[in-house]
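What the coordinates show
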Amino acid sequence: MSNYDVIIIGNGASGVFASYEFTKLKSKLNVLVIDKGNVITERLCPIKTGKVEKCIGCVPCNIMNGYGGAGTLSDGKYNITTNFGGEMHKYVGRDRALELMEYVDSVLCSFDSHESKLYQTSNSNLKTLALKNDLHLLDAKVRHFGTDRNVKILEKIYTYTKDNIDMLFKTLAVDIDFKDDEYIVRTNKGKEYSCKKLVLASGRSGSKWISQICKKLKIDLYSNQVDIGVRVELPAEVFKHITDAVYESKIVYQTKGYNDLVRTFCMNPYGQVVAENTNGIITVNGHAYSDPKLQSENTNFALLVSNKFTEPFKDSNEYGESIARLSNMLGGGVLLQRFGDLVKGRRSDKRRMDKCFTVPTLKATAGDLSLVIPKRQLDSIIEMIYALDKIAPGTANDDTLLYGVEVKFYNSKVETDNNFETAKKGLFVVGDGGGATHSLSQASACGVYVARYLNDLLS
């Protein structure tokens, strides 16, 4: 059995920045990071390489797993804010959380070979325009690198840390035991690793596994939400006046029909819609590149409806998964529908898609989202599209494309103290997998915080 001071399970945003901080601090601790995905240079999706047209369910999914986590092949967008993206400020304080996110931003910029613009929503006239139309723009600073530059930045961070931190890839942590004041991690390769301090940082894709481990070790969990919606794609000109000013606009609307909150999420100007494989379920997301040669003529963003459940139902993720499975069953993956067809109560088919002026950036099955998404959520999404049309005319055009489903899974929130340590001493849960963060900036900042804490504690 190999012994370590610290083992981190998951090499996503939290794991990457924990490794970076241990390296920068010249820590004497022996640290191991285990991840079920590939090293960053081998994270190649068959769709992107042109080998296949549709998701074939690679295990593990290179878009979701591997060095950098799901954020690696995203659009490289970091929101510096405590207004959304998680609740890290409830643990470390608002000022400290923002300070850590600013630090993450400075690290990323130091590894970037270009100068990237820092957008701010607070100085934009968009907030006033939104309020006049019963929409609410959340304040944030936004740094956008693009998928292509984000990968290069993370490659450089990997090179910076790999000689100081042991890393195992294509290795799945399957079980954890606690014995004689040490944690024993068992992997799918039949090997065991022990440590004094264990950090679970397996992200959203590891949410089920973290829940299982917490239940085994008798660590309290609290039910969290699941967000269900669609990925909207339309000509970039429709949102150009918004994306040029603030790039990422987090807009929230309270529907008149149900009083539900609907929000925009992950806006990608001149981007592409992509498929994701989460625990064998195909969902949809969006990416964007900084290189003009890789950009499309469309902008895409998610419209999400948050769902929280009360007794007796507790498994919000299972609810989201069941809807995604239905979409997979009907469409063999992602479903695609014109907005005009949806509101007219008819399915989109090949003939209608051939006449569509908006050219889809993801090959998906034309179909009927009303057969998949529950009426309440779908009504709220339609109402939100008409609301957005008031500040971005053209959003409710017939040829606006809707991809379904987009689901954002959140782990049941793990009970920890202000240092992200659970009631089981020595076991920490950080990042999106613990339910406290929901963004690249906050998850990365969480990794930095815990690395500093453990280095001070054990040195």
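Right above here is the structure, for reference.
Per-chain numbering applies: the sequence of each chain, read as written, is numbered from 1 onward. It should be noted that, the model being predicted, local features are given only for residues of pLDDT at least 70 and side-chain atom pairs only at 80 or more, the latter also being counted only at that level, while totals for whole chains, interfaces and linings use all residues. The basis for every side-chain value is the complete set of heavy atoms in the structure, and neither hydrogens nor water enter the calculation.

Looking now at the state of the cysteines. Note on disulfides: each one is a pair of cysteine sulfur atoms within 2.5 Å. The full count for this structure, using the stated rule, is zero disulfides. The closest cysteine sulfur to the non-disulfide-bonded cysteine 58 is located on cysteine 45, 6.6 Å from its own sulfur. Residue cysteine 58 is classed as partly exposed on the basis of its relative accessible area of 28%. For the exposure calls, accessible area comes from a 1.4 Å probe over protein chains only, and a residue counts as buried if that area is under 20% of its type's maximum, exposed if over 50%, partly exposed in between.

What follows is about the packing of helix H1 (residues 13-24) against helix H12 (residues 440-458). When two helices pack together, their arrangement is given by the angle between the helix axes and by the axis-to-axis distance. Note on geometry: axes are lines fitted to C-alpha atoms, helical ones only across the stretch in contact, with angles between N-to-C directions running from 0 to 180 degrees. Under the DSSP-based scheme used, a helix requires at least four consecutive residues in state H or I and a strand at least two consecutive residues in state E, with every element numbered from the N terminus. At a minimum axis separation of 7 Å, H1 and H12 run at an interaxial angle of 40 degrees. In terms of orientation, H1 lies oblique with respect to H12. Every pair of crossing elements has a handedness; the one defined by H1 and H12 is right-handed. Side by side, H1 and H12 meet where Ala13, Ser14, Phe17, Ala18, Glu21 and Phe22 of the first sit next to Leu440, Ala443, Ser444, Cys446, Gly447, Val448, Ala451, Arg452, Leu454 and Asn455 of the second. Within the contact of H1 with H12, the residues separate by chemical class into 10 nonpolar, four polar and two charged. Oblique is the label for any angle not under 35 degrees, not over 145, and not in the 65 to 115 range, which are roughly parallel, roughly antiparallel and roughly perpendicular in turn. Here is the rule for handedness: rotate from the far helix to the near one, and if that takes an anticlockwise turn smaller than a right angle the crossing is left-handed, while a clockwise turn gives right-handed. For this analysis, residues touch if any pair of their heavy atoms sits within 4.5 Å. Throughout this entry, Asp, Glu, Lys and Arg are counted as charged residues, while Ala, Val, Leu, Ile, Met, Phe, Trp, Tyr, Cys and Pro are counted as nonpolar. The remaining residues, Gly among them, count as polar.

Let us look at the packing of H1 against helix H3 (residues 94-110). The interhelical angle for the contact between H1 and H3, taken along N-to-C directions, is 80 degrees, at an axis separation of 12 Å. With respect to H3, the axis of H1 lies roughly perpendicular. Two secondary-structure elements touch here, H1 through Phe17, Tyr20, Glu21 and Lys24 and H3 through Tyr103, Val104, Val107 and Leu108. Its residues assigned to classes, the contact of H1 with H3 comprises six nonpolar, no polar and two charged.

With that settled, consider a nonpolar patch on the surface. For patch detection, residues must exceed 30% relative accessible area and be free of salt bridges, and they are connected within 9 Å for like charges or within 5 Å for nonpolar side chains (Val, Leu, Ile, Met, Phe, Trp, Tyr). To be clear on the numbers: accessible area is Shrake-Rupley with a 1.4 Å probe, and residue cover counts the displayed protein chains and nothing else. By convention in these notes, a salt bridge is any Lys or Arg side-chain nitrogen within 4 Å of a carboxyl oxygen on Asp or Glu. Judged by side-chain polarity, Met329, Leu330 and Leu371 come together as a nonpolar surface patch covering roughly 340 Å² of accessible area. Relative to the assigned elements, leucine 330 resides in helix H8 (residues 316-331).

Buried residues of nine kinds, namely Ala, Val, Leu, Ile, Met, Phe, Trp, Tyr and Cys, make up a nonpolar core once their side-chain atoms join them within 4.5 Å. Core analysis: the biggest nonpolar cluster contains 56 residues, and Ile8, Tyr67, Met88, Ile157 and Phe420 have the highest contact counts within it. Secondary-structure elements contributing two or more residues to this core are strand S1 (2-9), H1, strand S2 (31-34), strand S3 (77-80), helix H2 (89-92), H3, helix H5 (147-161) and H12. In terms of residues, this core owes the most to one element, H12, which gives nine residues. Beyond its immediate chain neighbours, meaning those up to four positions away, isoleucine 157 contacts Val16, Phe17, Tyr20, Tyr67, Leu108 and Phe111.

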